[in-house]
Structures are given as structure tokens and as C-alpha cells.
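Architecture at a glance
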Amino acid sequence: MDLLANLALGFSVAVTPTNLLFCLVGALVGTLIGVLPGIGPLATISMLLPLTYHFEPVTALIMLAGIYYGAQYGGSTTAILVNLPGETSSVVTTLDGHQMARQGRAGAALAVAALGSFFAGSVATLFIAVASPPLAQLGLQFQAPEYFALMALGLVGAIVLASGAIDKAIGVTVLGLLLGMIGTDVNSGTERFTFRVPELSDGIGFVVIAMGLFGVADILVNLEKAELPRMTAFVGRLWPSREEFRRAAPAAVRGTLLGSLIGVLPGGSAALAAFSSYALEKKIARNPERFGRGAVEGVAGPESANNAGAQASFIPMLTLGIPANALMALMMGAMQIYGVAPSPRFIAEQPALFWGVISSMWIGNLMLLVINLPLIGLWVQMLRVPYRLLHPTILLLCCIGVYSLNSSAMEVVFMLAFGVLGYLLLKFGCEPAPLLLGFVLGPLMEENLRRALLVSRGDPWVFLHRPISAALLAGAALLLVAVILPSFRRTREQAFQEE
Amino acid sequence: MTPTRRILLTAAALAMAASGASAQEWPKERPIQIIGGFPTGAGTDIFARLLAEPLGKALGQTIVVDNRSGAGGNIGSEFVARARPDGYTLLIGTAGTHAINASLYKSLPFDVVKDFEPVALLVDVPNVLIVNPKVLPDIKSCADLLAAARKEPGKLNYASTGNGASGHLAGAQFAQAANVDIVHVPYRGTPPAMNAMMSGEAQIMFQQSIPIMGQLKAGTFRPLGITTAARVAALPDVPPVAEACSLPGWESTTWYALFAPKGTPSEIVRRLNEEVNKILRDPEFDRKVKDMGLVPLPSSPEEFRQVQLRDIDKWRDRVRKSGAQVD
Amino acid sequence: MPRLLTLQDVWAGLLLAAFGVAALVFGADLPMGTPRRMGPGYMPYGLAWLLILCGAVVALRGVLAGGAAIERMRLRPFVGVIGGGLAFALLIGRGGILLASAGAIVGAALADRTSRWHEVLGLAALATAFAAIVFVKLLGLNIPLWPS
């Protein structure tokens, strides 16, 4: 069979001592930067790029890929232990993962995240091998109306995802949409709400908002409490219980499938995969009130999804030469420097390179599991550190992380401002998470809405004439109706009722 | 001496001492940074990293590439315009940042000529006029394209990587010269614009050569013309737009170049210029650059300044005619 | 304090509506365009009114139904944490990573009434060294170590 022959070729390339070594280096570096909040794979890979010019292209790509998926593993660690997403894709992991840690189940949460990620990584590797060409073709059919419809569905999902009063959830989402309008409008080139501050001309950075809303605001709220958060009491078992295992396994399978599908879409990302998986898990749970209070599915699903999404996003880049996100664009730039520009004929022309990199992904995931499971004990030790020592460190990491993005002190100030906003929202009983999704989707949604109308020369029916767009919009409408229907609202409110 | 004057003199002396990395002792044990004004992975970033390696070796110093992207490259330019002129901060600028933006933006917080020392022109970056053969199978030449556009005015879309990007201006300039009605659809950078070309949402594009060499070789996109006045080595079969579309004299290229902040000692500028030109003439480097569809442009700082001044005038006229404007 | 001004929902509504009003004011001169060919001002205008509407609903619900009161707010954490962050932002450009990091640590420590001074000094030394080694030396971020 072709597939077996191809994978055999791939493994023969991937297990040479040099390639194994750099696969390990990439995975380790990725874990480290994943644990450090703010500094992400994009910055790291661009900084390490000059180093890789001396490598064989396949070795260089194996290492760079390792950094990317390694960061997905590492990102979950800080999300669970200190409620600080190390990567944007681990934002949702904080919701239940950190709650588990507070209940003394940190070890179990970390183990579930690592095992789920490994499972997802293994499946995604196979998935890339089997499905690369046909799936990339599907993604190619997406035009502005489909993107708009997909984002509309995502936004409605964000509202359902939020806990607390629905009018507040909608309000916070709309605030996120509005904040996303800051910067240069793509369609007209006009600057909006930038007040002549050059740092605002391309909009506020996602990391700046995320660090402010989740990192700084959290410190502010915690320090006000009479009792500072203490996590020293229960560290708990390092292994999930049988019951946790039973709940986590199917969630990991669903997250893996969802993440693979989303990752392959152009514009899809590990973060979007994680958000969607969380919404799905909550939707199908028999008792959704457990979510936000340490439901193990809320860790297993998104952590599997973000890893699967990270790996699947290689598909459109490697098979079509079309990068799905900035990181893939950087990888593509690197490949061009190595003289192996990706294109539709890439697999045929460079089989050893393509299959070597794919196979190394599975090896890298196995290494990460082996590295990370024993390290869980070490990470859990971090919980014994008293909060009075922890919060200054978190503040410092947030500051350096944001500064490292663009070397801009102004962005550190923006982050603090978002800390204040997040603090006020929490004080006024609003959950800040939907703001983030609204912020990401807002500009894209507007851009694609206006582009769809520009391309259709002003015909609004274009959204319903195209089948994929019509189906996605119908889904969004159904979900919205369901949220507004009285019966659903009652169950939803019950679900979020305080104990 | 009044206290104020004394303070001023002391300050001036300190400032001189601080900026006094005199040319003799340059470069010291301190990394030289090349600032880029576009995101990591953009053409300027790829090229700066390609250049940083041999240039660092030639100077015996580490060179780091640091991108401060935003506002059409203006954020990076402003940073370098305000940096200390000691030879440790350089800018990879483009015809976009240092010629087009001067007329595209109503006001810039720096002067693209007065605030910079020209160091060296690097490469000419052609745009390639492409169509997707799956979407427009019958269009095999620029003449076919013009005929189709004239038959159904306002039907074809051309994609660009953003308002005021070189591809947008080339498209506007092309539509005007050829007198055809094609609609501009801007995207947020290269990847989504490529998606739109693949899906057929946009049918025409003027795209920089670096990111699409792979697709051109594979036949995913059909090149109808190149915006340089002459053919380029990497794409020998692609005629210049002027020839292919019967628009004599038409060209629309942009360059990449190295700038230093105003006041950088001329010895340092000379030395950098010499080393860069040596690298541009190196056969191995030349091959890499030509494979990306670029044209190396070794030149002196004075020649480069002339090119910049000429292009500022040229693009002012084109920007006005295209109607593009950014606040 | 009047009871209304202690309610979470009233303040949440006012906060949301304030952002909507600000967007209307600062976005007033953006071109609107038409629904079929929207200008850059169209979406912000619509979203601003939607946000004001949401804010009004939330605040009104608070006024009518009451609901939870705002928990006590304190000044000290606020001044310390935000001050520490600002110190970092001010110092990082010229003062280098060591001074800036120490500023952030000390600010955050001031915010916390349980801080112990000998611990803070130790933490500041450790954390600044860690920041310098990991971010500047290992990851090669382009930040000066010392004041320049």
C-alpha cells in the first residue's frame, strides 16, 4: 500500500540520529516557550531561523515543527497551574483546567492534557498523511461568504459559551467586536479609532488583550480578596481516576476530529479549534453545569483539539503552498530560503522531505509525552509556592512577554489598561472570555461581509445562494433561536446557577 | 556662563560622547540590528535574514533582524529615523516605505529623505501579473485578458495584499494605462490574497515574485507579464507587461534597500555599502536571489539616493491617479 | 451610598454603554457608505448602537431586579500592580531589563499586604536574573541588560 511505503520512507528519514536530536531540541524549546506566557512560537521560530540555514532542509523543518507543536503542550501547563494561558490556544484550558488545580486535581489535569495532546498528535499525523490533498481542496472552495458565515457561527457559539446573564455575554462580545475595529480598515485603508498612535494602526495585539484580561486582571482581583488564593493544601494524585478517564477519552476523540477539520481550513488555527471543542463539549454534556468548575472534558477536548489543529494547519501550506496563518507563512519563508518552495507538486517532488517531516511529528509527540509525564510532578511543585511570590512573577512575565512581541513599551501600557478593563468586568459580574473571541472574529467578519458584497456587486443573496455558506448561516440561526427560546434559557440559567 | 547654557553644553557634550561610536572602532562587540517594517515572514524579513548572515560574517559581528511592523512599514521607519546614528541600527526599507508612502499617507511623522542616510540598494522586486488557469482557462496572454476585460467591463476583480500595496498601485496603474474597468479587492496580506486567487474570488493579481515562485513553477498560476522593463532570470519565459499588453514604457517595480539614521558617519555608510555590494556580486548569493525572481542592484549611496528621489516623484503621480489615500 | 450605585448590573450596563457612546463620538467622521457598499464607519456605528442597547438592557434589569452588589474594591492592589507595570514600561527602553524587571516585582509586592521584605528582595534578584538569562541570553531578545 502506498501509505505504508510512504510512511516507511518518512520514518527512515526521521530516525537518523541528527534528525532525532533536532526533533528533541525543537520539542524541548517548544515546551519551554509554551510554558513562558507571551513569548510564542512565532517569535521563537523567527529568532532561530538564521541558525537553521546551516542545516539540511528536512532537519530544519523537523525542528521548527517541533517548536510549534511543543508549544501547544507547554501552553497548557501554565493555563492549568496559574490560570495564565501560555499560548492563545490554551485560553479555554484555563476555564476548567485551573479549577481542577484548585480542587487539588492539578496532576490529573496535566496528565489528561498531555495524554490528550499525544493522542491528538498521533491521529493528526495519520490524518495529514491520508487526507492532505483532498482536504486542502475543500478548504479552497471557501470564499468571502463562507468565511463570513463561519465566523457568524463562531460568534453565536461564543455567546452560548459564556456563563452568566446572556445580555451581559452579548454586550461583552459586542465590545470585543468593537475593539477589533481599532486599526486600519482593510477594505478602504482608513484608520479607525487610532488617535494617531502608530502602535494602534494595525489594531491592538491579541496577546496584549489576552495578557491584560487574563493575567493582570486576575492578579488585581485576587489581591483584593481577604484570603489570598492558596493552592498548597491539595496537590492530588498525578494520575486521573478511572471516572475521569472515562469522561476524558471520548472528549479527546471528539476534540481531535474537530481540531483536524478546523486546522485544515485556511485561516483556521489551534486557538479556534480549542474554542470550538469547548463549546461542543459543553453543548453535548448531560450536565453542563459542571463546566467552569473543573470538568475534565473541558481540558481533554480543547487540549486535543489545539494540538490536532496545530498539526493539521501544515496541510494547506505543504500541499498548496498557502499558509493558513502567520506561523505557516514564516515556515514557508524558511522553506524558500532552503530552496524547497512548497507547491501542489511538493509531495511528488520532495517525497523524502514531506514524509520525513510528517513522520517526525509522531516521533516528536511521543518524545513530548515521555518528557512531560515525569515533569508533571515538577510543575505541580510550583503550586506550593505562596501567592505572594507568584503574582509578582506573573506580572513580570506578562510585561516581558508583551514587550518581546514588538519591543514596544506602549503595548505594555495597553496591556495594563486591559488589565483594568478586565478587573472592572469581573467586578461587575461579566465574564471577559467572549470579549476575546469577539475581538478576533470581529474584523475578519466585517472584512468578509464587505468583501462578499463587493465581489457580488452588492447582492445580499450571495450568502444564501452558496450552499456551504447557507448551511453555516442556518446553523448559526438555529443556535441563536435555541438560545433565545424560553425553555432553553431556563436550562441554561440553571446550568450557570451559583451553588 | 549661565546655568542653562552650562547644562545645554554639558548635554551636547554627553550626546556627542554617546553617539560617538567613531568609525574607527566600529563595529564593536555589540549586535547590529536590521529593522524591518513588515511582519515576520514577509518579503523584507526573508530578504533581511538572507543578507544578515553573510553581512555579519563580513563585518565580524552578529546581525539580528527585528521586525516592527505596522502602518505600511511606517512604524519601523520611524523607529530607525529616531535611532542613534551609530551604525548599530539599520533599516530594510522599500520603494513602498521610502517613496510611495510619502504621497500615500497624508502626514508622516518623519521625512523619508531628510531623516535617513541611504546605504545601499539591494534588489529590484518585480510584481508578476498572474491569473489562475483553472478559473480563466482561455486567458493565455495579456492580450486575451485585455479583450475579456473590455468585453465585460467591471466583471473581473484584481486582488491585492492591501490598500496602497505595490500590487494595488500596479493594478490601478495598469487599469488606467490599458483603459479597462477591473475592480480592486484588497486582502490582509499575501496568504488570504492567494486563497482568493485559488478559489476564483479574484481573477487577476499583481503579486511580488518571492512568495509565488513555487506556484508559478507548478503551473498553479499563469504568469502573463512581469512589471519590470526587461525579463528576469528566474522567469525567462515571462514577457514584460509593456511588451505583453502593448503598453510601451509601462513598468511598476519596487526595490528593497538598506537605510541608516541621518547622521551616521560616512565611513560606516561606505563600509556597509562596500560589503553589501560584495555580497550582491557573490555568485552563490546572486543565484539564491535570482531564484526568488529578484534582480540584484549593486550601487553607490549617491546613485541610490538619486533612484529614491526619482521614485518619489514617479509614485506621487501614480498615487494621485489611482485615487488611493491613507490617513 | 444609594443602593442602586452598589449594584453590579447597573455599573456593567453603564460601562458597556460608555464604550458605545465613545465609539459614536470618536467614529463620527468615518464615512458610512450604504448597506450594499459599506464604508469604514458602517460597522462601528451599528456595533456602537448595539452596545448601547445591551448596556441599557443590563442596567435597566439591574434597576428593576436588583441582583448582586459589587464586592469591596481596594486601592492598594491597583496602585501597586498597575504602578509596577508602568515602571516596567518606562524603564525597559533606557534602563534595561534588570531595572525594569525589578520595578515590576517591587510594584507588585507593594500591592500585597502579606509581602515580606526579605522575600521580595530575594525574589527580585532571582526573577531579574531569570528574565535576563532566559529572555536575553537564551532566546536572544533584543533588550539591553543595563541602563545605556
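Just so we're clear, the structure is a prediction, and the values are computed from it rather than from any experiment.

The rules behind each value
- Residues numbered from 1 in each chain as written.
- Chains lettered and ligands numbered in written order.
- Predicted model: local features only at pLDDT ≥ 70, side-chain atom pairs only at ≥ 80, totals over all residues.
- Helix = DSSP H or I, 4+ residues; strand = E, 2+ residues; numbered from the N terminus.
- Buried ≥ 20, exposed ≤ 12 C-beta atoms within 10 Å, placed from the backbone.
- Contact = placed C-beta atoms within 7 Å.
- Expected span 1.5 Å × (residues − 1).
- Pairing = 2+ DSSP bridges.
- Axes fitted to C-alpha atoms, helices over the stretch in contact; angles between N-to-C directions.
- Core = buried A, V, L, I, M, F, W, Y, C linked by C-beta atoms within 7 Å.
- Parallel < 35°, antiparallel > 145°, perpendicular 65-115°, else oblique.
- Nonpolar A, V, L, I, M, F, W, Y, C, P; charged D, E, K, R; others polar.
- pLDDT = per-residue confidence, 0-100.
- Left-handed = near helix turned anticlockwise from the far one by under 90°.

Focus on the overall build of chain B
For chain B, the count of helices and strands is 12 helices and 11 strands. Residue burial in chain B is summarised as follows: out of 327 residues, 53% are buried. Partitioning the intrachain contacts of chain B with sequence separation of at least 6 by distance along the chain shows that 76% fall at a separation of at least 24.

What about the overall build of chain A?
Regarding its fold elements, chain A presents 22 helices and 2 strands. Put simply, chain A has 499 residues, and 65% of those count as buried. Of the contacts made within chain A by residues no fewer than 6 positions apart, 80% connect residues no fewer than 24 positions apart.

Considerations on helix α6 (residues 166-178) of chain B
Residues and elements named next belong to chain B. Its 13 residues give α6 an end-to-end C-alpha distance of 18 Å, which sits within 8% of 18 Å, the value for a rise of 1.5 Å per residue. What α6 keeps buried is the set S166, G167, H168, L169, A170, G171, A172, Q173 and F174. Phi for N179, located one or two positions after α6, is positive at around 55 degrees.

Topic: the sheet that holds strand β3 (residues 89-94) of chain B
Residues and elements named next belong to chain B. Read across the sheet, 6 strands follow the order β2-β1-β3-β10-β4-β11 without closing on themselves; strand pairing throughout is mixed. Taken across any chain shown, the strands that pair with only one partner, and hence form the sheet edges, are β2 (63-67) and β11 (295-296). Pairing of strand β1 (residues 32-36) with β2, which is carried by 5 bridges, proceeds in the parallel orientation. Note on β2: the bridge partner recorded for I35 is D66. Against the sheet, helix α2 (residues 43-59) engages β1, β2, β3, β4 (116-125) and β10 (254-261), with an angle of about 165 degrees to β2.

What to know about unusual backbone geometry
Even without being a glycine, F193 of chain A presents a positive backbone phi close to 55 degrees. Structurally, F193 of chain A can be placed in the loop between β2 (191-192) and α9 (206-224). Backbone geometry at N179 of chain B places phi at a positive 55 degrees, although glycine is not the residue there. Along the chain, the position of N179 of chain B falls in the loop between α6 and β7 (183-186).

Section: helix α2 (residues 42-65) of chain C
The end-to-end C-alpha distance of α2 of chain C is 35 Å, a good match for the 34 Å that 24 residues give at a rise of 1.5 Å each. Buried within α2 of chain C are the following residues: M43, P44, L47, A48, L51, I52, C54, G55, V58, A59 and G62 of chain C. Each element contacted by the buried residues of α2 of chain C is listed here: α8 (166-180), β2 and α19 (433-455) of chain A together with α1 (8-26) of chain C. Looking one or two places after α2 of chain C, you find G66 of chain C, whose phi comes out positive at around 75 degrees.

A short note on the environment of T52 of chain A
Residue and element names in this part refer to chain A. On the secondary structure map, T52 appears in helix α3 (residues 41-52). Residue T52 is classed as partly exposed on the basis of its 19 C-beta neighbours within 10 Å. Not counting the four nearest positions on each side in its chain, T52 is found in contact with A60, M63, L64 and A334.

Quick notes on the nonpolar core
Judged by nonpolar contacts, the single largest core of 207 residues is most densely connected at L178 of chain A together with L51 of chain C. Apart from the residues lying within four places of it in its own chain, the contact partners of L178 of chain A are F19, A23, P44, L47, A48 and L51 of chain C. By size, the runner-up hydrophobic cluster in this structure holds 93 residues, among which are V123, F221, W250 and A260 of chain B.

Topic: the packing of α9 of chain A against α19 of chain A
Residue and element names in this part refer to chain A. For the pair α9 and α19, the least separation of the axes is 11 Å and the interaxial angle reads 170 degrees. Here α9 is positioned roughly antiparallel relative to α19, judged by the angle of their axes. Where α9 abuts α19, its residues F206, I209, A210 and L213 lie against L435, L436, F439 and V440. Taken together, the residues of the contact of α9 with α19 break down into 8 nonpolar, no polar and no charged.

Brief notes about the interface of chain A and chain C
Contacts between the two partners involve 49 residues from chain A and, on the opposite side, 61 residues from chain C. Secondary structure elements with two or more residues in the side of chain A that touches chain C: α3, α8, α9, α17 (387-406), α18 (409-427) and α19 of chain A. Taken together, the residues of the side of chain A that touches chain C break down into 30 nonpolar, 10 polar and 9 charged.

Details of the environment of V440 of chain A
Residues and elements named next belong to chain A. Considering the arrangement of structural elements, one finds V440 in helix α19. By C-beta crowding, V440 is classed as buried, having 24 other C-beta atoms within 10 Å. For the pair V440 and G70, spaced 370 residues apart in sequence, the C-alpha separation works out to 24 Å.

Focus on the confidence of the model for chain A
Note that predicted coordinates carrying low pLDDT should not be read in detail. Residue and element names in this part refer to chain A. Taken residue by residue, chain A gives an average pLDDT of 80. The fraction at 70 or more is 81%. Mean pLDDT across the elements of chain A bottoms out in helix α22 (residues 486-496) (51) and peaks in α18 (94). Taken as a whole, residues 494-499 scores under 50 in pLDDT and shows 4 contacts with residues more than four places along the chain or in a different chain.

Here's the deal with the packing of α8 of chain A against α19 of chain A
All names here are of chain A. Following both chains from N to C, one finds α8 and α19 inclined at 40 degrees, their axes separated by 7 Å at the closest point. Considered as vectors, α8 and α19 are oriented oblique to each other. Between α8 and α19 lies a crossing of right-handed hand. Along the contact surface, α8 presents A169, V172, T173, V174, L175, G176, L177, L179 and G180, while α19 presents P434, L435, L436, L437, G438, F439, G442 and P443.

Re the sheet that holds β7 of chain B
All names here are of chain B. Strand order in the open sheet formed by 5 strands is β7-β6-β8-β5-β9, and the pairing between neighbours is mixed. At either end of the open sheet lies a strand with only one pairing partner, and these are β7 and β9 (222-226). Going from strand to strand, the sheet's axes swing by 30 degrees on average, the running direction of each strand aside. Of the pairings in the sheet, the one linking strand β6 (residues 157-160) to β7 comprises 4 bridges and is parallel in character. Considered in β7, the bridge of Y158 is made with H184. The strands that helix α5 (residues 142-151) touches are β5 (127-131), β8 (204-208) and β9; relative to β9, the one it contacts most, it runs at about 95 degrees.

Details of the confidence of the model for chain B
All names here are of chain B. On average, residues of chain B score 84 in pLDDT, and 90% of them are at 70 or above. Overall, residues 8-21 carries pLDDT values under 50, and its contacts beyond four positions in sequence, including any with other chains, amount to 6 contacts. For this predicted complex, the interface confidence reaches an ipTM of 0.94, while the overall pTM sits at 0.72.

So, the pairing of β10 of chain B
All names here are of chain B. The buried fraction of β10 is high, at 8 of 8 residues. Residues T254, Y256, L258 and A260 of β10 are buried on one face, and the alternating residues W255, A257, F259 and P261, pointing to the opposite face, are buried as well. Two strands pair when backbone bridges link them, and β3 and β10 are joined in this way by 4 bridges, in the antiparallel orientation. Along β10, the bridge assignment pairs L91 with F259. For β4 and β10, the ladder comprises 8 bridges, and the chain directions are antiparallel. Bridge pairing links L121 to A257 in β10.

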